[in-house]
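# Understanding the architecture of this molecule
Okay, here's what each chain looks like letter by letter:
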Amino acid sequence: MQNSEIAKAFFDLANLLDIKGENPFKVRAYKNAARVIEGLGESIEKMVHEGEDLTKLPGIGKEIAKKIQELVTTGKLKKLEKVKKEVPPTLLDLLSIEGLGPKKVHELYTKLGITNLKELQEAAKKHQISKLRGFGAKTEEKILKGMHLLKQEGIRFLYAVAKPIAFNLKAYLLKAPTIIKVVIAGSFRRAKETVGDLDILATAKEPALVIDYFTQYPDIIEVVVAGDTRATVVLKNMLQVDLRVVQDKSFGAALQYFTGSKDHTIALRNMAIDMGIKMNEYGVFKGNKLLASKDEIEVYKSIGLCYIEPELRENRGEIEAAAKNALPKLITLQDIKGDLHMHSTFSDGIETIKTMAQKAKLLGYEYIAISDHSASLAIAKGVDEKKIQSYIKEIETTEDEVGIKIFKAMEVDILEDGSLGASKEILEQLDFAWAAIHSKFKLDKTTQTKRILKALQNPFVKGIAHISGRIIAKREPMQLDYETIFTFLAKEGKFLELNAQPERLDVTDVYAKKAKEMGVKFVINSDAHSSKQLEFMEFGINQARRGWLEAKDVINTSSLKEIEALFN
DNA sequence: GCCGTTTTCGGCCCGACTGTTTTCAGTCG
């Protein structure tokens, strides 16, 4: 059973109990546990099988641990089954309408007998809803409007897609009356691989003027809420944007609050409470005394912590590390000295080796590797016995012409049985190869893991590229025993690729952190198929930072000399 | 239901906005 399935069971349980009117703190406890499970790096099922103590996880106590055990071993949760008999589970769908929460759904169910979206729509059309106490004409209208917005729910935007949208909005807002600062905050600032909405923080002398100006942005299709200091709108592309405007003196406190994550901020505020301190978006206070507000460094310092980089703010141990002054010094784009995975017209790249090399030189790299596909991958028309000589010659010529070190490499396909899609005769003419899977993604976990390990045993293979094979929101990751693979990589001194393609970002942040803890070394590669795509390195760095990686964990931060030594 | 270096009981982040009220509950982030 996947962590996500277990988390969903607890979310459903929490929401149904909430609708039923159960103690809200108990509801919150279930939701907290669900979030912890969702964000966990390792399989809860595996932890149960290995007899690990689940109550060591934050937010999981004796009762929830027992329920997890029950779910994993029987596939069912008696308490959830029981609640589903008391409260129709189709009521959960009603919660996805803007403005409907557990209390209102409870009223609709008990007073009007509404159990699903269809009945809700009918009741709204007959104007039965506005007659209920606590409801009115506006709520009824909102329900009817919310019905057709529902389908769009839950879509997330790739970071790389959201970026230009965010920058356009920022440029627009910087022209707002009395504006001082504009920062894209939220999950975008934390550089998550996808963002569900954009959270923008602004400071201004007169916030209300900025809100008014914001709601006139041409790409808006709906203004959901607009008050004096905050507004929520939906853009034509269905991206939701939240703007918060505060006085400039509150910038640091507001930025911390609006960057999140929610779990991180709640943990900070709880820590502050223990110290007799109150934290909100206006500042950090002891009684009436303002301790900090103007910048984030000061805000963190006021509760005894050093500054925590946004990418780490997920309540995954960063607060404890900050308290001990043991945070990692995160890798930056400037640390990267070369790119070791890219394609050319010799396989499915759209530009020549020369164009790729020129662009790499422009980016300031000391070295690159051209790593076209092996011929076994028919779709990419790779390098076979007939092409290998011209491939090598072209790389050598370009190296001299452009004046940048170019490694002769290959992204060699891993076949179904774990053997490689290129012969020894081809491989021994190259500097090294990355191994990668491009087909048969659905093999079971044991078979898939063995397949990768077998490929990695080949001496020409220096590492594994885009390990999970996932395409965000399009293809599920393969089932793998990551621990076994990471153990092998660390022991053999082979490398784990962090693929920077914005829809891959493979490995994920959570697994990167785990691999690092196990002593694995990384290579961050653009996997560029055009010279423009060499700039994707930025997205790989984002993911690496979210995975707590430092320059010393990543081999392509090394100088050419060091890299050559590594490959010999 | 979870949690605890003052606590095993009594707390549980905190504030903006809306729509419905006639001073505030519910929802949201």
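Residues numbered from 1 in each chain as written. Chains lettered and ligands numbered in written order. Predicted model: local features only at pLDDT ≥ 70, side-chain atom pairs only at ≥ 80, totals over all residues. Heavy atoms only, no water.

### Focus on the sheet that holds strand β7 (residues 240–246)
Taken together, the 5 strands give an open sheet; going across it, the order is β2-β4-β7-β6-β5, and neighbouring strands pair in mixed fashion. Each edge of the open sheet carries a strand with a single partner, namely β2 (179–184) and β5 (220–226). Within this sheet the neighbouring strands show an average axis-to-axis angle of 20°, counted without direction. For strand β6 (residues 230–235) and β7, the ladder comprises 5 bridges, and the chain directions are antiparallel. Within the sheet, the bridge partner assigned to Thr-232 lies in β7 and is Asp-242. Along the sheet face, helix α13 (residues 251–259) touches β2, β4 (197–204), β6 and β7 and points at about 175° away from the line of β4. (Pairing = 2+ DSSP bridges. Helix = DSSP H or I, 4+ residues; strand = E, 2+ residues; numbered from the N terminus. Axes fitted to C-alpha atoms, helices over the stretch in contact; angles between N-to-C directions. Contact = heavy atoms within 4.5 Å.)

### Let's talk about the protein's contact with DNA strand B
Close to DNA strand B lie 50 residues, the nearest being Arg-28, Gly-61, Gly-136, Arg-269 and Tyr-282. In this structure, Tyr-257 approaches DNA strand B through a side-chain N or O atom, which is 3.5 Å from a base nitrogen. For the surface near DNA strand B, the per-class residue count stands at 19 nonpolar, 13 polar and 18 charged. (Near = heavy atom within 4 Å. Polar contact = N/O pair within 3.5 Å; in protein donor to acceptor, adjacent residues only side chain to side chain. Nonpolar A, V, L, I, M, F, W, Y, C, P; charged D, E, K, R; others polar.)

### Focus on the domain arrangement of chain A
On domain assignment, one finds that chain A holds domain 1 (1–87), domain 2 (94–153), domain 3 (157–246), domain 4 (250–323) and domain 5 (333–567). Computed over C-alpha atoms only, the centres of domain 1 and domain 3 are separated by 35 Å. (Domains from an automatic or database assignment.)

### Observations concerning the sheet that holds strand β14 (residues 432–436)
Ordered in space as β11-β12-β13-β14-β15-β16-β17, the 7 strands form an open sheet in which the pairing is parallel. For this open sheet the edge positions go to β11 (338–339) and β17 (521–525), each flanked by a neighbour on one side alone. Contacts between helix α20 (residues 445–456) and the sheet are confined to β14 and β15 (461–464), with β15 contributing the most and set at about 150° to the helix.

### Points about the packing of aromatic side chains
Scanning the entire structure with this criterion turns up 18 aromatic pairs. Ring centres 6.2 Å apart and planes at 85° place the aromatic pair Tyr-300 and Tyr-307 in the edge-to-face group. Exposure remark for Tyr-300: the relative accessible area of 1% places this residue in the buried category. Judged by relative accessible area, which is 29%, Tyr-307 ranks as partly exposed. Measuring from ring centre to ring centre gives 5.8 Å for Phe-536 and Phe-539, while their planes differ by 50°; the resulting arrangement is tilted. Looking at Phe-536, the relative accessible area reads 19%, which means it is buried. Take Phe-539: its relative accessible area is 10%, and that puts it in the buried class. Three or more aromatic residues joined by ring pairs form one cluster here, namely Tyr-367, Phe-407, Phe-432, Trp-434, Phe-495 and Phe-567. The ring of Phe-407 has Lys-405 lying over it, and the distance from NZ or CZ to the ring centre is 5.0 Å. Lying over the aromatic face of Trp-548, Lys-513 brings its terminal NZ or CZ to 4.4 Å of the ring centre. (Phe/Tyr/Trp six-rings, centres within 6.5 Å; stacked < 30°, edge-to-face > 60°. Buried < 20%, exposed > 50% of the residue type's maximum accessible area, 1.4 Å probe, protein only. Lys NZ or Arg CZ within 6 Å of the ring centre and 35° of its normal.)

### Description of the pattern of salt bridges
Within this structure, the stated rule accounts for 40 salt bridges. Between Asp-295 and Lys-294 there is a salt bridge, with the nearest N and O atoms lying 3.8 Å from each other. Put simply, Arg-316 and Asp-509 hold a salt bridge, and the shortest N to O gap is 3.6 Å. A residue pair is termed long-range when its members are at least 10 positions apart, and Arg-316 in the loop between α15 (296–302) and α16 (318–323) and Asp-509 in helix α22 (residues 509–517) qualify at 193 residues. Residue classification places Arg-316 among the partly exposed positions, given a relative accessible area of 27%. (Salt bridge = Lys/Arg side-chain N within 4 Å of Asp/Glu carboxyl O.)

### Let's talk about the packing of α20 against helix α21 (residues 482–492)
Between α20 and α21, the least distance of the axes is 10 Å, while the angle of their chain directions is 10°. Considered as vectors, α20 and α21 are oriented roughly parallel to each other. On the side of α20, the interface is formed by Thr-449, Ile-452, Leu-453 and Leu-456, while α21 contributes Thr-484, Ile-485, Phe-488 and Leu-489. For the contact of α20 with α21, the residue count by class is 6 nonpolar, 2 polar and no charged. (Parallel < 35°, antiparallel > 145°, perpendicular 65-115°, else oblique.)

### Concerning the nonpolar core
Most often, soluble globular proteins keep nonpolar side chains buried together rather than apart. Ranked by internal contacts, the top residues of the largest apolar core, which has 60 residues, are Ile-368, Ile-370, Ile-467 and Leu-496. If sequence neighbours within four positions are ignored, Ile-370 has contacts with Met-342, Ser-344, Ile-353, Met-356, Tyr-391, Ile-395, Ile-406, Phe-407, Lys-408, Ala-409 and Met-410. (Core = buried A, V, L, I, M, F, W, Y, C linked by side-chain atoms within 4.5 Å.)

### Considering empty space enclosed by the protein
Following the criterion strictly, the structure yields 2 cavities of 30 Å³ or more and no others. Estimated volume of the largest cavity: approximately 50 Å³. Together, Tyr-159, Ala-160, Ala-191, Lys-192, Glu-193, Pro-502, Leu-505, Phe-539 and Asn-542 line the largest cavity. Mapped by element, the contributors of at least two residues to the lining of the largest cavity are α10 (159–173) and α23 (537–546). (1 Å grid on protein atoms, 1.4 Å probe; cavity = no way out; pocket = protein on both sides within 12 Å on 5 of 7 lines; lining within 4 Å. Points joined across faces, edges and corners; volume = space filled by probe spheres on them.)

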